[in-house]
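# An overview of the molecular structure
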Amino acid sequence: VVVRTSRSGTMTFIGNRSTIALSGFYQRDETPTTDVFGVPAGDVSDLRQYGATLAYSRRLSSVSSGLASATWTKTSDEVGTAATPTVSTGQSTQQTYRIQFDHQIGPRTTGFFGARYQIFDSDIIIDSSETAIFAGLGHRF
């Protein structure tokens, strides 16, 4: 059994050709100190995640658009038992930066390409980063 508490919200400003959106979230997953039958639980966990995204999109023409976004997420976890206090097991932070260009190829087909850079920083596992380029097609049936 896990008790989940979450909050999220988005604020968007829409213009004729541009849109700016800011969204944020908070989520906490915690295991109760007793199970559904009132028996003391074994391990007790308290996982917290929160983050935010800022996105900007611009319609470049009637068939193309561009998008730039930045996302930041932080995760922390505390573990213990029902009889002992919880101990922090670590924190991690992830940042993602993305740019993308979309172009409508047909009435229901869109092509896109872009670049992404991610940074993952943790005090419990190896830090990493990623640089990627991507391309693809989307089709609605």
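Up top you'll find the structure we're talking about.
A short tour of the structure in this document, coming up. The numbering scheme is per chain: residues are counted from 1 as the chain's sequence reads. Local features are withheld for residues below a pLDDT of 70 in this predicted model, meaning they are given only at 70 or higher, and side-chain atom pairs are given and counted only at 80 or more; totals for whole chains, interfaces and linings count all residues. The side-chain quantities take in all heavy atoms of the structure and omit both hydrogens and water.

### What to know about the overall build of the protein
Under the scheme used here, helices are H or I runs from DSSP no shorter than 4 residues and strands are E runs no shorter than 2 residues, and both carry numbers assigned from the N terminus. Scanning the protein from terminus to terminus reveals zero helices and seven strands. Start at the N end of the protein and walk to the C end: the helices and strands fall as β-β-β-β-β-β-β. Sequence-distant contacts in the protein: of pairs separated by 6 or more residues, those separated by 24 or more amount to 46%. Methods summary: accessible areas were calculated by the Shrake-Rupley approach with a probe of 1.4 Å, and residue burial reflects only the protein chains presented. For the protein, the accessible surface area stands at approximately 9600 Å², while carbon and sulfur atoms represent 59% of it. Whether two residues are in contact is decided by their heavy atoms: any pair within 4.5 Å suffices.

### Thoughts on the packing of aromatic side chains
Note on ring pairs: Phe, Tyr and Trp rings are taken, using the six-membered ring of Trp, and paired if centres are within 6.5 Å. Classes follow the plane angle, with under 30 degrees stacked, over 60 edge-to-face and the rest tilted. Scanning the model with the defined rule gives three aromatic pairs in all. Aromatic side chains Phe112 and Phe134 sit 6.4 Å apart centroid to centroid with 50 degrees between the ring planes, which places their arrangement in the tilted category. Of this pair, Phe112 sits in strand 6 (residues 109-122) while Phe134 sits in strand 7 (residues 128-139), and the two are 22 residues apart along the sequence. For Phe112, a relative accessible area of 27% translates into the label partly exposed. Each residue is assigned to one of three classes by its accessible area relative to the maximum for its type, calculated with a 1.4 Å probe on protein chains only: buried under 20%, partly exposed between the two thresholds, exposed over 50%. Residue Phe134 is classed as buried on the basis of its relative accessible area of 17%.

### Concerning a nonpolar patch on the surface
Where nonpolar side chains cluster on the molecular surface, the patch consists of Met11, Phe13, Ile20, Leu22, Leu54 and Tyr56 and spans about 570 Å² of accessible area. Among the elements of the structure, strand 1 (3-14), strand 2 (18-30) and strand 3 (43-59) are those that each provide at least two residues to the nonpolar patch. Along the chain, the position of Leu22 falls in strand 2. Taking the relative accessible area as the measure of exposure, Leu22 reaches 43% and is therefore partly exposed. Each patch is built from salt-bridge-free residues with over 30% relative accessible area, joining like charges within 9 Å and nonpolar side chains (Val, Leu, Ile, Met, Phe, Trp, Tyr) within 5 Å. Every case where a carboxyl oxygen of Asp or Glu lies within 4 Å of a side-chain nitrogen of Lys or Arg is listed as a salt bridge.

### Description of the pairing of strand 6
Two strands are said to pair when DSSP picks up at least two bridges between them. Relative to strand 7, strand 6 runs antiparallel, the two being bridged by twelve bridges. If you follow Phe112 over to strand 7, its bridge partner there is Gly136. The turn linking strand 6 back onto strand 7 is made up of five residues.

### Considerations on the pattern of salt bridges
Enumeration according to the criterion identifies five salt bridges in this entry. Here Arg28 makes a salt bridge to Asp46, at a shortest N to O gap of 2.9 Å. Pair noted here: Arg28 is in strand 2 and Asp46 is in strand 3, with a separation of 18 residues, a long-range link. With a relative accessible area of 22%, Arg28 lands in the partly exposed category. Using a relative accessible area of 9% as the deciding quantity, one classes Asp46 as buried. Residues joined by salt bridges that share partners form a network here, namely Arg28, Glu30, Asp46 and Arg48.

### Brief notes about the environment of Pro32
As for its placement among the helices and strands, Pro32 is situated in the loop between strand 2 and strand 3. Exposure remark for Pro32: the relative accessible area of 26% places this residue in the partly exposed category. Considering only alpha carbons, one finds Pro32 and Ser45, 13 residues apart in sequence, at a separation of 8.3 Å.

### Describing the environment of Glu30
Inspection of the secondary structure assignment puts Glu30 in strand 2. Owing to a relative accessible area of 25%, Glu30 belongs among the partly exposed residues under this scheme. Separated by 29 residues in the primary sequence, Glu30 and Val1 have C-alpha atoms spaced 8.7 Å apart. The contact partners of Glu30, leaving out residues within four places of it in the chain, are Val2, Val3, Ser45 and Asp46. Polar contacts, as counted here, are pairs of nitrogen or oxygen atoms within 3.5 Å of one another; within protein the pair requires one atom able to donate a hydrogen and one able to accept it, and residues that are adjacent in sequence qualify only if both atoms are side-chain atoms. Polar side-chain contacts of Glu30 include one of 3.3 Å to the side chain of Arg28.

None of the figures reported here should be taken as evidence of function without further support.
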